[in-house]
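Now for the letters of each chain:
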Amino acid sequence: MMLGYLLARAGVRVTVLEKHADFLRDFRGDTIHPSTLRIMERLGLLDGLLAIPHQEVRTIDAQWEDRDLPIGDFSGVPTTTKFIALMPQWDFLDYLAKSGRAYPNFDLRMRHEAVDLVRGRDGASDAHVTGVKVRGPDGEYEIAARLVVACDGRHSRMRAASRLEVENLGAPMDVVWFKFPSDDSDGRPPLGRFTRGAIFVMIPRGEHWQCGYVIPKGMLESLKTGGFDAFRRAIASAMSPKLRNVDARLQTLRDWSDVSLLSVTVDRLRQWSLDGFLCIGDAAHAMSPVGGIGINLAIQDAVATSNLLRRILLTRRPTPAELRRVQDRRLFPTRVTQAGQVLVQERVVSLALKATDAFEPPLAMRVISRFRFLRQLVARVLGMGVRPEVPDPD
Ligand SMILES: Cc1cc2nc3c(=O)[nH]c(=O)nc-3n(C[C@H](O)[C@H](O)[C@H](O)COP(=O)(O)OP(=O)(O)OC[C@H]3O[C@@H](n4cnc5c(N)ncnc54)[C@H](O)[C@@H]3O)c2cc1C
């Protein structure tokens, strides 16, 4: 959506395909980091965005068993917005879609699914991607394009169709998401609580909390054999002990249909493009939820793609070498970010998930929690990322 908006703004004719009828899917991650807020500011879209109901997270507070561990402080990030905005992703996407529709050359087609790549038409060789095959409400059709960009997420059908090679980096956990009604007595529980065998995440959504119960990979099946009551009890013991009326509120979860499993993968394409075809975002590199940075990395990819290709796209097809420049620019930040995520998965997440007895937080977390400048450094790395992109002036 971001790339579609940027290209349309530059005058390129762009079609954005979305297979669903709306963006109203839960549990997609709600974080908009300072680097993305800065992009919105440069585009003149920040005030409109912040007029949409959202929460502002200025510090990151974790809890290790019952010990409070502040680990991030956004007061020092080099942007005007010194916070992470938490906003349901559909509100953010609706806002971008509305902003895109201001341009007559922006064509957003909801309920239109990309089903295959079209290769070698109009005299092009078979190795050239020349368009995309689409299934819409009125049947199948093809769109010819100078460039097809796969930004269809972790299970990208277009990346599978391209047969580009994927390198799997592994993830030790899955996340079970559900809604938990909020209560006046809740105050500000920790964003993440590390307990023996699980990690519990609570994201404010006004009248309810969006909760993530992080469990060892593949464990949901064995939880299911224990029954839903045992699952409710396991969640209750992972939640902050300061929360009141937990049992009554957990009764709002009736059965397994009220929870969703998100299987975590971390992977990366060895090569992101073919002639006429490019992958960005999770389609090029699926991100772990660690740090909540996947959305922001996908947006950085979109900005870099627009900066590198929009002038070319106004007049002609980009050459394979020009498409490779996107990977050249974005591979380093992707590698560093994924390496950081894998490190946290191995050293922090796995430590909690494997623990059966009382356990100490890792030394690095203890040190960070003691010094404000280190908490500001963590927030800066999280909030800005590696090689943050800004849109070139129009
Ligand atoms: C459990 C979990 C929690 C996470 N939490 C966070 C978080 O809090 N913050 C964060 O920044 N990141 C988070 N992430 C990572 C984040 O979700 C991704 O990195 C990010 O969404 C990638 O954006 P994207 O645009 O590449 O893909 P997506 O957000 O997956 O978007 C792909 C879009 O393409 C559509 N689509 C799919 N196939 C087709 C098709 N064939 N034709 C047409 N449309 C199609 C989909 O409907 C979807 O709208 C989390 C990941 C996991 C697994």
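Use the structure listed above.
Everything quoted here is computed from the prediction, not taken from an experiment. (Residues numbered from 1 in each chain as written. Predicted model: local features only at pLDDT ≥ 70, side-chain atom pairs only at ≥ 80, totals over all residues.)

J.: I tried to follow unusual backbone geometry on my own but got confused; where do I start?
T.: When glycine is set aside, most residues are seen to have a negative phi, and most peptide bonds are trans. With a phi close to 60 degrees, Arg 111 is a non-glycine residue in the positive phi region. Locating Arg 111 in the fold gives a position in the loop between strand E7 (106-110) and strand E8 (113-119). Its identity is not glycine, yet Arg 387 carries a phi of approximately 50 degrees, on the positive side. Turning to its location among the elements, Arg 387 is positioned in the segment after helix H12 (372-384). (Helix = DSSP H or I, 4+ residues; strand = E, 2+ residues; numbered from the N terminus.)

J.: Is there a simple way to explain the nonpolar core in this structure?
T.: If you look at soluble globular proteins, the nonpolar side chains tend to sit buried side by side. By size, the foremost hydrophobic cluster in this structure holds 99 residues, and its most contacted members are Phe 200, Tyr 213, Val 214, Leu 278, Cys 279 and Ile 280. Looking at this core element by element, the count peaks at nine residues for helix H9 (residues 294-315). Counting contributing residues per domain, this core is built from domain 1 (2-30 + 37-57 + 88-168 + 267-363) and domain 2 (173-263), each supplying no fewer than three. Sequence-distant contacts of Tyr 213, that is, excluding residues within four places in its chain, are made with Val 176, Ala 198, Phe 200, Ile 235 and Ala 238. (Core = buried A, V, L, I, M, F, W, Y, C linked by C-beta atoms within 7 Å. Buried ≥ 20, exposed ≤ 12 C-beta atoms within 10 Å, placed from the backbone. Domains from an automatic or database assignment. Contact = placed C-beta atoms within 7 Å.)

J.: What should I look at first to understand the site of the ligand in this one?
T.: Taken together, 29 residues lie near the ligand, and Gly 29, Gly 153, Gly 281, Pro 289 and Gly 294 sit nearest. Within the residue set of the shell around the ligand, elements represented by two or more residues are strand E1 (14-18), E8 and H9. By residue number, the principal contributor to the shell around the ligand is H9, which donates four residues. (Near = placed C-beta within 6 Å.)

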